[in-house]
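This is what each chain is made of:
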Amino acid sequence: MSLAVINVHQDELANEHTTPSSNILANRHRRLVIKKKVIAIGKLSRQLSVLRENPEMVKEIKNMNGKLPVGTLAHGEQGLRQALSMLKAKERTNDDTV
């Protein structure tokens, strides 16, 4: 939704031809910064919801590995399940070698 608002605002600014070129560049840069912030907030929101919805899986992964692998939360519940299965497979291979 926020990106849609930014895109509408971009169209409005494109229709204004009275703005000096330096202001146009400043506005483009400002829109880009805001767009990146909106995307970052969306990613953080998704990661927080994954943490809230799957606390048991997160605890199990942390108990096995000590920490969550990088990028696990970004892939949602499927990423948690994949990390958990990889850690269990790794644990099994370690048990087999001992």
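Let us look at the structure shown here. (Residues numbered from 1 in each chain as written. Predicted model: local features only at pLDDT ≥ 70, side-chain atom pairs only at ≥ 80, totals over all residues. Heavy atoms only, no water.)

## Structural notes on the overall build of the protein
Then, in step 1: Per the secondary structure count, the protein includes four helices and zero strands.
Then, in step 2: For the protein, the sequential pattern of α-helices and β-strands runs α-α-α-α.
Then, in step 3: Residue burial in the protein is summarised as follows: out of 98 residues, 17% are buried.
Then, in step 4: Of the contacts formed within the protein by residues at least 6 apart in sequence, a portion of 46% connects residues at least 24 apart.
Then, in step 5: Surface exposure of the protein reaches about 7,900 Å², of which carbon and sulfur atoms provide 55%. (Helix = DSSP H or I, 4+ residues; strand = E, 2+ residues; numbered from the N terminus. Buried < 20%, exposed > 50% of the residue type's maximum accessible area, 1.4 Å probe, protein only. Contact = heavy atoms within 4.5 Å. Areas by Shrake-Rupley, 256 points an atom, 1.4 Å probe, with all protein chains shown as cover.)

## Side note on the environment of arginine 46
Then, in step 1: Inspection of the secondary structure puts arginine 46 in helix H2 (residues 21-53).
Then, in step 2: Take arginine 46: its relative accessible area is 44%, and that puts it in the partly exposed class.
Then, in step 3: A C-alpha to C-alpha distance of 7.6 Å links arginine 46 and glycine 76, two positions 30 residues apart in sequence.
Then, in step 4: Each residue touching arginine 46, except ones within four places of it in the same chain, is listed here: Ala74, His75 and Gly76.

## Structural notes on helix H3 (residues 55-65)
Then, in step 1: Every buried residue of H3 is accounted for by Met57, Val58 and Ile61. Considered in projection along H3, the buried side chains sweep an arc of 100° and stay on one side of the axis. Exposed and oriented more than 90 degrees from the buried face of H3 are Glu56, Lys59 and Asn63.
Then, in step 2: Those residues of H3 hidden inside the fold are in contact with H2 and helix H4 (76-97).
Then, in step 3: Directly beyond the C-terminal end of H3, a positive phi value near 95° is found at glycine 66. (Arc of directions from axis to C-beta.)

## Quick notes on the pattern of salt bridges
Then, in step 1: Applying the stated criterion to the full structure yields two salt bridges.
Then, in step 2: Close ionic contact of glutamate 60 with lysine 88 constitutes a salt bridge, the shortest N to O distance being 3.5 Å. Here lysine 88 lies in helix H4 and glutamate 60 lies in helix H3, a separation of 28 residues in the sequence.
Then, in step 3: In this structure glutamate 60 comes out as partly exposed when scored by relative accessible area, which is 32%.
Then, in step 4: Residue class for lysine 88 comes out partly exposed when judged on its relative accessible area of 35%. (Salt bridge = Lys/Arg side-chain N within 4 Å of Asp/Glu carboxyl O.)

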